[in-house]
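# Structural overview
Below are the chains, spelled out letter by letter.
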Amino acid sequence: MSQWVINGIRAGIKTTAYPAKPEAAAGVSPGLPVGGDYPANQVASLIERCPTGVFSQANGKVRADIRRCIHCYRCVRGVEPPVNWEQTYEWGTVRDGRHEFGQPFERSIHICVVDAGDCGACLNEVKQLNNPYYNMHRLGFFITPSPRHADVLLVVGPVTDHMKFALKKVYDAMPTPKRVMAVGACAVSGGAFAESFVCAKGVADVLPVDVEVPGNPPPPLAILHGLLVAVGRKTPAALISPAPNFENEGLTKS
Amino acid sequence: MTAAELKQEIDQRWPGQVHCPDFGSRGSPCEVTCARTALPELCGRLFLEWSFSFTGLIVEEGASEWQLRYVFYGEGDAGWVHVLVTAPLAEKTFPSIVKFVHAADWHEREAEDLFGLIFEGHPRLGDFILHDDAWQEGVEPMRHHFDPQAAMRHRKPDEDWRPTRIVQEPGAFVMPVGPKYSGVTESVHFLLETVGEDVIRSTPRLFYKWRAIEKLAEGKTADEVLLLAERFAATTAFAHGLAFCQAVEQICGANIPARAKTLRVFLAELERLRQHAGAIREICESTALAVATAHAGILEEDLLRVSGELTGHRYLFGLLAPGGLLCDLPNDACRQALEKSQKVLSQLNALEQRLRVSSSFLDRLEEVGIVPPRTAMVYGLLGPIARASGIVRDLRRGQPYSGYEKFQFDVPCEQEGDGYARLRILFAETRQSVRIMEQAVAALRGGGASSPLSSATRASPLQFRAGAALGWVEAPRGGAFHWVRLNESGKIARYRIVPPSFANWHGFHLAVEKFAFQDFPIMLSTFDLSVAENDR
Ligand code: SF4
């Protein structure tokens, strides 16, 4: 048995410095498209190329709605020039009008995870949060199997019809106040699968969603950021980049 | 058995009922047309006597008739054998082959649920993919006349729905588990029937996550469907994407550049290594061995980062394209990824050494969840699970694709079929994966850094044409088979995925029954099952 102790010590500290400092290691995030400048005569074909309609054109620039991106890389691979891409991971966003989380969420929180039809990757990234690299316990986040003990409901997957009933039951079983977090492109916008005859277009179709973390799958750091947003320790990211200027463009928030 | 012997045997046994053409070249299937009456016996002989593996049942609805395709493959030069049965659309009854080919059990249940076919002699049709408590009777979603846009079909969830009970002894009760249970788990429901300590019957109820990928694919282009193929079970995204691409490439007669093939092998093995490290972490976690879980977790994350650094994506999305790869990878980057993987491997080896002498850990794995070789055969189990039960089958060896025939590697095998054997197989396979990666990097020439549109990794644009083909890979969890039919305009007419977890879930109850409740999570983790992969 002593060998486990020795080896444990020998492994040293692996845990990321995030959120105190940014994480600089390679390969922690797939990054996201950010839009911006793009040759005007090619914008139309870029918009066409994206299978989930991430891009739109505004004021001579390409704008990316990152909530929809499913990381197919078709806007950067096999195309000239590639669209701007940033290796960020702070993707946790708050749905409009739902940022008042209040006091009950300022200390440690318990999270109930429900798989509503995910592909396995989002769930695997959630699991990574418990490994020494991310160790979310140090930040006061705990996974609980029981909805009765949960403050936050973390949902992955686009919500299949067969899971709708179970998901609602879990939500109803949670004590108030409670918050819902949609993790991954599928949970946020339906991803590659929705909307279809067996599948909703994300968690918002079924439950009131507070925090969204896009990405297919979002890396562990992005999920961590989402959790920190949920407890008010980090500011939410902009859903659309570059962020729209609503007055000037005559857009309405949706 | 050689191809010639097989043909002779068939011609003698079922003259006039079964037509067996001459065998073509290796790798191309031999399509045996069969009368309905002779079907169970022919399939039974192939499976039980001539040691063919059963891959799957593919149902296709033609303009006027059904075509049922029972796919088998053998290790010898007979290769792929497709047994075809046809019938007019109005006739929906076929003989069941499960009496002889137990591995076909769930395939027939699926066809019954999705196409409304009836398999005479099958002991248990009904509630399978379409849950009875949610769907109305008579819905056949895979039929052409089914309109996915139309709103209807759902029942109000029935709160009083109760599953069938099998054990009827006094004192027996059912323990329902799921679909939401435990910490971070995939959604699946288990009915554990018991009279006390031991699980007597275990019935998994799956398809809570059914996203109807096969229906969604119809009418789409190959490029669009590739997105689904990669994403329906993303922990093994590359393997499934590759199987799909290979099917499409075969229809189009594409010539894949050598460099793309080698890179595909490299990436497929990187994925296997990462997935196995994850599976090892799960096993350590299920036995509550915290330090080992942490160690394995570190190694898994290391490999995710290696994948992310090399390809941009931690689960290898967006690399494949029908005809090759979407982008080239620089040789240097591949070499660095290999070096890091080698480091991870040496730590995995050290972890294995420590686990092998931790008696409290071994006590929980040894002689639990035993699947004897004969049963593994009958159930058609696949991948590491089968290899832990003495079945030395590996598509990379038996039916090589993407140039695997050029690589040196061993197919590890164990005889015990218990949880510990399955763990040892996982460790042994990680060593073989790195061995293959080393050879792949050594074989990489030319290409590399320059242009993202390098012709070194992408065949010239594919000529999509009507046709059908089977693509297969040895995915980390076992053989994965993708059947693709393209119509005249090059769109997908039929897509059928037979993932390894479909076969392994079918056999999972074998490992659980007669063992105590507290061993259930351990058995589940040693089987390394994916619900997403099974549910599609
Ligand atoms: S990577 Fe994202 S933004 Fe780019 S084409 Fe794919 S889905 Fe669209």
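Computed from a predicted structure; not experimentally measured.

So, on to the overall build of chain A. The number of helices and strands found in chain A is seven helices and 11 strands. The buried share of chain A, reckoned over its 254 residues, is 57%. Counting only contacts in chain A whose residues sit at least 6 apart along the sequence, the fraction spanning at least 24 positions is 79%. For chain A, the exposed surface amounts to about 10300 Å²; the carbon and sulfur share of it is 50%.

Attention now goes to the site of the ligand. Around the ligand, a shell composed of 13 residues is seen, among which A:C50, A:C69, A:C72, A:Y73 and A:C75 lie nearest. Split by residue class, the shell around the ligand holds 11 nonpolar, two polar and no charged.

On to the sheet that holds strand β10 (residues 199-205) of chain B. All names here are of chain B. The three strands lie next to each other as β8-β9-β10, forming an open sheet whose pairing is antiparallel. Among the strands making up the open sheet, the edge pair consists of β8 (173-177) and β10. Taking each pair of neighbouring strands and ignoring which way they run, the sheet shows an average axis angle of 20°. Note that strand β9 (residues 189-194) and β10 share six bridges and pair antiparallel. Note that in β10 the partner of F190 across the bridge is P204. The sheet contacts of helix α15 (residues 500-512) involve β9 and β10, and relative to β10 the element is tilted by about 160°.

Oppositely charged side chains are able to pair whenever their charged atoms sit close together. All names here are of chain B. Tallied over the entire structure, the rule returns 48 salt bridges over all chains. The salt bridge partner of R424 is E414, with a shortest N-O separation of 2.8 Å. With R424 in helix α14 (residues 419-443) and E414 in the loop between α13 (395-398) and α14, this pair connects stretches of sequence that are 10 residues apart. You can call R424 buried: its relative accessible area is 11%.

All names here are of chain B. Segmentation of chain B into domains returns domain 1 (3-120), domain 2 (159-211 + 516-531), domain 3 (214-255 + 462-497) and domain 4 (257-321 + 332-450). Between the C-alpha centres of domain 2 and domain 3 the distance comes to 33 Å. With four residues of domain 2 in contact, the opposing surface of domain 3 contributes four residues. Ranking the residues of domain 2 by area buried against domain 3 places R211, D528 and S530 at the top, with a combined share of 97%. Summed over the shared surface of domain 2 and domain 3, the result is one salt bridge. The tally of links from domain 2 across to domain 3 stands at two residue pairs in polar contact (both at pLDDT 80 or more). Residue composition of the side of domain 2 that touches domain 3, grouped by class: one nonpolar, one polar and two charged.

So, about the sheet that holds strand β5 (residues 80-88) of chain B. Residues and elements named next belong to chain B. Overall, mixed pairing links the five strands, which are arranged β1-β2-β5-β4-β3 in an open sheet. The open sheet is flanked by β1 (18-19) and β3 (53-61), the only strands paired with a single partner. Bridging between strand β4 (residues 65-73) and β5 involves nine bridges; their strand directions are antiparallel. Along β5, the bridge assignment pairs R69 with L84.

With that settled, consider the environment of A:G191. Residue and element names in this part refer to chain A. Relative to the helices and strands, G191 resides in the loop between α5 (185-189) and β10 (211-213). According to the relative accessible area criterion, G191 is buried, its value standing at 12%. Taking C-alpha positions, G191 is 9.6 Å from P214, a pair spaced 23 residues apart along the chain. Beyond its immediate sequence surroundings of up to four residues, G191 is in contact with T52, I70, A185 and C186.

Calculation criteria
Residues numbered from 1 in each chain as written. Chains lettered and ligands numbered in written order. Predicted model: local features only at pLDDT ≥ 70, side-chain atom pairs only at ≥ 80, totals over all residues. Heavy atoms only, no water. Helix = DSSP H or I, 4+ residues; strand = E, 2+ residues; numbered from the N terminus. Buried < 20%, exposed > 50% of the residue type's maximum accessible area, 1.4 Å probe, protein only. Contact = heavy atoms within 4.5 Å. Areas by Shrake-Rupley, 256 points an atom, 1.4 Å probe, with all protein chains shown as cover. Near = heavy atom within 4 Å. Nonpolar A, V, L, I, M, F, W, Y, C, P; charged D, E, K, R; others polar. Pairing = 2+ DSSP bridges. Axes fitted to C-alpha atoms, helices over the stretch in contact; angles between N-to-C directions. Salt bridge = Lys/Arg side-chain N within 4 Å of Asp/Glu carboxyl O. Domains from an automatic or database assignment. Buried area = accessible area lost by both parts, 1.4 Å probe. Polar contact = N/O pair within 3.5 Å; in protein donor to acceptor, adjacent residues only side chain to side chain.

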